[in-house]
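This is what each chain is made of:
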Amino acid sequence: KNTMWTENYEFCLELHNTLAEMCSYCGQIERLSSSAKEVFDNSKTIEDQLRSHFALLERGSVDTHTGNHDVINQIFELIKRLGVDVPRRNTTESKAEASKKRTFNLVEALSDEDILALPKTKNRKQAASTRLIVILSRHMMRNKMWNMLITLASDALATSLEYGLCEYS
C-alpha cells in the first residue's frame with residue numbers, strides 16, 4: 001500500500017473519490033480510470049470504493065450504448081459484493097409478474113400516510129444497492145429487458161418498504 005494512503009487514509013480516499021466524480025462529470029475518462037484505480041488499490045472496504053464505482057458506472061451509462069452488458073455485469077457483481085440478493089437477467093415473465101404482485105400486496109397493505117412516514121434507511125449497503133439498481137434499470141430499459149426491469153423495480157420498491165427510503169428509492 002501507498003505510504004500516503006497509510007498515513008492519510010481519509011484524506012486520500014476523499015481526494016481520489018472526488019477526483020473520480022469530477023472527471024466523470026467532465027468526461028475525462030483516463031483520469032477517471034486512474035483515480036478510481038487508486039481508490040480500488042488502496043481502499044479498505046467496498047463501501048469506501050462506492051463513489052468511484054458510481055463515477056465509472058454513471059460515465060458508462062452516459063456514453064454511447066456500446067458496452068452496456070459489461071456495465072450490467074459490473075453492477076450485478078457490485079450488488080453481490082454488497083451482500084444484497086437481486087435476481088439475475090434470466091427473469092421470466094411469470095417471475096416478473098409474481099414479483100410485481102408481491103410488491104403490489106405490500107403497497108396495498110400500507111396507507112399513504114404510512115408510506116410517506118417511512119424512515120430513511122441507515123443501511124449504507126442497502127442505499128448503495130438501490131442506487132446500483134436504478135443505474136441497472138436504465139440499462140435494462142435500453143436493452144429492452146422488460147421482465148428484468150419489472151422485477152428490479154418491484155424488488156427495489158419492496159426493499160424500500162422493508163428497510164426504509166434513501167435518495168434513490
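My aim in this report is to walk through the structure given alongside it, one point at a time. On a predicted model such as this, the values are computed, not experimentally measured, just so you know. (Residues numbered from 1 in each chain as written. Predicted model: local features only at pLDDT ≥ 70, side-chain atom pairs only at ≥ 80, totals over all residues. Heavy atoms only, no water.)

Regarding the side chain of Thr 130
1) Next: Counting through the fold element by element, Thr 130 comes out in helix H8 (residues 124–142).
2) Next: For Thr 130, a relative accessible area of 4% corresponds to the buried category.
3) Next: A polar contact is formed between the side chain of Thr 130 and the backbone oxygen of Gln 126, at a distance of 2.9 Å.
4) Next: Look past the residues within four positions of Thr 130 in its chain and what remains in contact with it is Cys 166, Tyr 168 and Ser 169. (Helix = DSSP H or I, 4+ residues; strand = E, 2+ residues; numbered from the N terminus. Buried < 20%, exposed > 50% of the residue type's maximum accessible area, 1.4 Å probe, protein only. Polar contact = N/O pair within 3.5 Å; in protein donor to acceptor, adjacent residues only side chain to side chain. Contact = heavy atoms within 4.5 Å.)

So, the packing of aromatic side chains
1) Next: Across all of its chains, the model carries one aromatic pair by this definition.
2) Next: Judged by centre distance (5.8 Å) and plane angle (65°), the ring pair of Trp 5 and Tyr 9 falls under edge-to-face.
3) Next: We classify Trp 5 as buried; its relative accessible area is 2%.
4) Next: The side chain of Lys 44 reaches across the aromatic face of Tyr 9, ending 4.2 Å from its centre.
5) Next: One residue, Arg 131, lies across the ring of Phe 54, its end atom 4.0 Å from the ring centre. (Phe/Tyr/Trp six-rings, centres within 6.5 Å; stacked < 30°, edge-to-face > 60°. Lys NZ or Arg CZ within 6 Å of the ring centre and 35° of its normal.)

Some remarks on the environment of Ile 72
1) Next: Along the chain, Ile 72 falls in helix H5 (residues 68–81).
2) Next: Sequence spacing of Ile 72 and Ile 150 is 78 residues, and the spatial spacing of their C-alpha atoms is 16 Å.

Brief notes about the pattern of salt bridges
1) Next: For the structure on display, the rule yields six salt bridges.
2) Next: Measuring nitrogen to oxygen at the nearest pair gives 2.8 Å for the salt bridge that ties Glu 21 to Arg 51. Linking Glu 21 in helix H2 (residues 9–26) with Arg 51 in helix H4 (residues 46–62), this pair joins segments that are 30 residues apart in sequence.
3) Next: Residue Arg 51 is classed as partly exposed on the basis of its relative accessible area of 26%.
4) Next: In this structure, Glu 97 engages Lys 100 in a salt bridge whose closest nitrogen and oxygen atoms are separated by 3.4 Å. With Glu 97 and Lys 100 both in helix H6 (residues 93–108) and three residues apart, the pair spans about one turn of that helix. (Salt bridge = Lys/Arg side-chain N within 4 Å of Asp/Glu carboxyl O.)

Brief notes about the packing of H8 against helix H9 (residues 146–163)
The relative placement of two packed helices comes down to the angle between their axes together with the axis-to-axis distance.
1) Next: Orientation of H8 relative to H9, taken along the N-to-C sense of each, is 160°, at an axis distance of 9 Å. Judged by the angle between their axes, H8 and H9 are roughly antiparallel. Note that H8 runs across H9; the crossing there is left-handed. Facing H8, whose interface residues are Gln 126, Ile 133, Leu 136, Ser 137, Met 140 and Met 141, H9 presents Trp 146, Met 148, Leu 149, Leu 152, Ala 156, Thr 159 and Tyr 163. (Axes fitted to C-alpha atoms, helices over the stretch in contact; angles between N-to-C directions. Parallel < 35°, antiparallel > 145°, perpendicular 65-115°, else oblique. Left-handed = near helix turned anticlockwise from the far one by under 90°.)

Quick look at the packing of H2 against helix H3 (residues 29–42)
1) Next: The interhelical angle for the contact between H2 and H3, taken along N-to-C directions, is 150°, at an axis separation of 8 Å. In terms of orientation, H2 lies roughly antiparallel with respect to H3. At the point where H2 passes H3, the crossing takes the left-handed sense. In contact with Tyr 9, Leu 13, His 16, Asn 17, Leu 19, Ala 20, Cys 23 and Ser 24 of H2, H3 contributes Arg 31, Leu 32, Ser 35, Ala 36, Glu 38, Val 39 and Asn 42.
2) Next: Within the contact of H2 with H3, the residues separate by chemical class into eight nonpolar, five polar and two charged. (Nonpolar A, V, L, I, M, F, W, Y, C, P; charged D, E, K, R; others polar.)

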